[in-house]
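What the coordinates show
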Amino acid sequence: MNQEIFILAIDTSCDDTSVAILRNDCVMANIVSSQVDIHKEWGGVVPHLAKRGHQQYLDQCIEMALHRSRLNWDKIHAIAVTYGPGLAPALEVGLQKAKELAKEHHLPLVPVNHMEGHLLSCLLKNSSGNYYIRIQDHPLPWLGLTISGGHTELIWIEAIGTYKILGRTLDDAAGEAFDKVARMLGLGYPGGAVIEAMAKKGNPKAYDLPRPMHNSPNYDFSFSGLKTACLYSTDSLKQQLQDKFALVVPDYCASLQEAIADTLLIKLKRAAKNQQPKAVLVGGGVSANLRIRAKFRTAFRKLKIPVYFPYRCFCMDNGAMIALAGYHQYQRGKITYNYDTIDRVPYLTLEQGLFT
Ligand code: KG4
Ligand code: ZN
């Protein structure tokens, strides 16, 4: 396709306010205003504070994205916006703003599923024009794994926009396991990046933590058993070691990271062996983890199936991935001018929820 399409996208699904502008699949601006400092005091995301943060910073993020991409409104073809899944009060802010802007500038609205954004994020071309994956290099079907703070899903990708969920977590998400154990270890919130940093100095074989559901023949995951095992073992270590507990934290982090990586990889490999995808796409905040990436790469080299991860700046919540999913939807004509028919859907799923 030769025509250049410019999409402005807004994501306010959780605690980051993000606005991006893409020219086709190439990122021209990706502004993220993080609320981590507000929520870490509470040990997790507080919905009404997230809403207030989005209300405070969204306009500035939009202005910055236009400024950075050197575009004005008459160049924009459509406004993409996350309408689910996510926190209702937070989603509301982005959706409301997107509707106002679409009305004001007579633009179509493209309602996007946040998890489709994560799923496709490794297809984003960065601002210097490089690709991780070129769609044309790998014929479909693909296998996707989304690993974030709220989701852990194995997805069969027939085509962009046509998805089947093969398996999902039955309880906690992979990112939640990192966050909850980080809290037990006194490492603060969010936990994934801190655990990864600590794990670099630790021995992944030091503690024998469970790989839940590894024997079950399906593609589902469970992380609550791992969390409970960690609760018991950290309590007994704290009692045993008292003020020397801090000395074993790096070993504990390395063992936890290894257990989460193995648990994910067992099911991902099983699905890949059975379904034979042409490529594997991984996305979501946890996919920033370099140990997880290394383990996946080694395993898939042996299976001779290419595995792709997003640039690390596109792993956590960002507007660029929403703009990319929006760009593909726009090309398929999945847009609307009936703005008021679109409502937020906090529990939107990839199969049920694609806007039609
Ligand atoms: O995708 P995301 O930004 O937000 C959701 O849609 O949930 O993911 C956030 C999650 C958090 O649970 C965070 O601890 C985890 O991603 N995370 C990581 C790393 N960086 C962020 N987990 C493991 N290793 C990391 N380096
Ligand atoms: Zn997310």
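Structure shown above.
One structure accompanies this document, and this report is about it. No experiment lies behind these values; they were computed from the predicted model shown.

**Focus: the sheet that holds strand β7 (residues 152-159)**
Overall, mixed pairing links the five strands, which are arranged β8-β7-β6-β9-β10 in an open sheet. Of all the strands in the sheet, just β8 (162-168) and β10 (307-308) have a single pairing partner and so form its edges. Judged from the six bridges that link them, β7 and β8 form a sheet pairing that is antiparallel. Paired with A159 across the two strands is T162, which belongs to β8.

**Concerning the packing of aromatic side chains**
Per the stated rule, a full pass over the model turns up five aromatic pairs. Each ring, one from Y207 and one from Y252, has its centre 5.2 Å from the other, and the planes form 45°; the classification is tilted. Taken together, the residues Y207 in the loop between α6 (192-199) and α7 (224-241) and Y252 in helix α8 (residues 245-275) connect sequence positions 45 residues apart. Relative to F223, the ring of F221 has its centre 6.5 Å away and its plane inclined at 10°; by these criteria the two rings are stacked. For the pair F221 and F223, one class covers both residues: buried.

**Considering the sheet that holds strand β5 (residues 109-113)**
The five strands are arranged β3-β2-β1-β4-β5 in an open sheet whose pairing can be described as mixed. Each edge of the open sheet is held by one strand with a lone partner, namely β3 (26-34) and β5. For this sheet the average axis-to-axis angle between neighbouring strands, irrespective of direction, equals 20°. In this structure, strand β2 (residues 16-23) lies alongside β3, joined through eight bridges in antiparallel fashion. Within β3, the position partnered with I21 by the bridge is A29. Sheet strands in contact with helix α3 (residues 88-105) are β1 (6-11), β4 (78-84) and β5, and its direction is about 155° off that of β4. This element, helix α10 (residues 319-331), spans β1, β2, β3, β4 and β5 of the sheet and lies at about 130° to β1.

**What about the pairing of β4?**
With seven of seven residues buried, β4 is to be regarded as a mostly interior element. Examined bridge by bridge, β1 and β4 share four bridges and lie parallel to one another. Its bridge partner being in β4, I10 is matched across the sheet by V81. Each parallel crossover has a hand, and the one from β4 via α3 to β5 is right-handed.

**A closer look at the pattern of salt bridges**
Enumeration according to the criterion identifies 15 salt bridges in this entry. In this structure, K97 engages D59 in a salt bridge whose closest nitrogen and oxygen atoms are separated by 2.9 Å. Here D59 lies in helix α2 (residues 47-69) and K97 lies in helix α3, a separation of 38 residues in the sequence. Taking the shortest distance from any N to any O, the salt bridge between E153 and R168 comes out at 3.8 Å. With E153 in strand β7 and R168 in strand β8, this pair connects stretches of sequence that are 15 residues apart. Linked through salt bridges whose partners overlap, the residues forming this network are R211, E258, D262, R291 and K295.

**Let's talk about the environment of V110**
With respect to the helices and strands, V110 occurs in strand β5. Between the C-alpha atom of V110 and that of H39, which follows or precedes it by 71 residues, the distance is 30 Å. Setting aside its immediate chain neighbours within four residues, V110 contacts A78, I79, A80, V81, G326, Q329, Y330, K334 and I335.

**Quick word on the site of ligand 1**
The environment of ligand 1 is formed by 19 residues, the closest being G149, D179, G192, E196 and G285. Between ligand 1 and the protein, one listed contact pairs an oxygen atom with a side-chain N or O atom of H118 at 3.1 Å. In the complex, 90% of the free accessible area of ligand 1, which totals 560 Å², lies under the protein chains. Contributions of two or more residues to the shell around ligand 1 are made by α4 (114-120), α5 (174-184) and α6. Grouping the constituent residues of the shell around ligand 1 by class yields five nonpolar, 11 polar and three charged. Composition of the shell around ligand 1 by domain shows at least three residues from each of domain 1 (6-133 + 314-341) and domain 2 (142-309).

**Topic: α10**
Here α10 spans 18 Å end to end across 13 residues, near enough to the 18 Å set by a 1.5 Å rise per residue. Those residues of α10 that sit buried are G319, A320, M321, I322, A323, L324, A325, G326, Y327, H328 and Q329. With its phi angle positive at about 80°, G333 sits one or two positions after the end of α10.

Rules behind the numbers
Residues numbered from 1 in each chain as written. Chains lettered and ligands numbered in written order. Predicted model: local features only at pLDDT ≥ 70, side-chain atom pairs only at ≥ 80, totals over all residues. Heavy atoms only, no water. Pairing = 2+ DSSP bridges. Helix = DSSP H or I, 4+ residues; strand = E, 2+ residues; numbered from the N terminus. Phe/Tyr/Trp six-rings, centres within 6.5 Å; stacked < 30°, edge-to-face > 60°. Buried < 20%, exposed > 50% of the residue type's maximum accessible area, 1.4 Å probe, protein only. Axes fitted to C-alpha atoms, helices over the stretch in contact; angles between N-to-C directions. Contact = heavy atoms within 4.5 Å. Right-handed = clockwise from strand over helix to strand, strands pointing away. Salt bridge = Lys/Arg side-chain N within 4 Å of Asp/Glu carboxyl O. Near = heavy atom within 4 Å. Polar contact = N/O pair within 3.5 Å; in protein donor to acceptor, adjacent residues only side chain to side chain. Areas by Shrake-Rupley, 256 points an atom, 1.4 Å probe, with all protein chains shown as cover. Nonpolar A, V, L, I, M, F, W, Y, C, P; charged D, E, K, R; others polar. Domains from an automatic or database assignment. Expected span 1.5 Å × (residues − 1).

That's the geometry; what it means functionally is another story.
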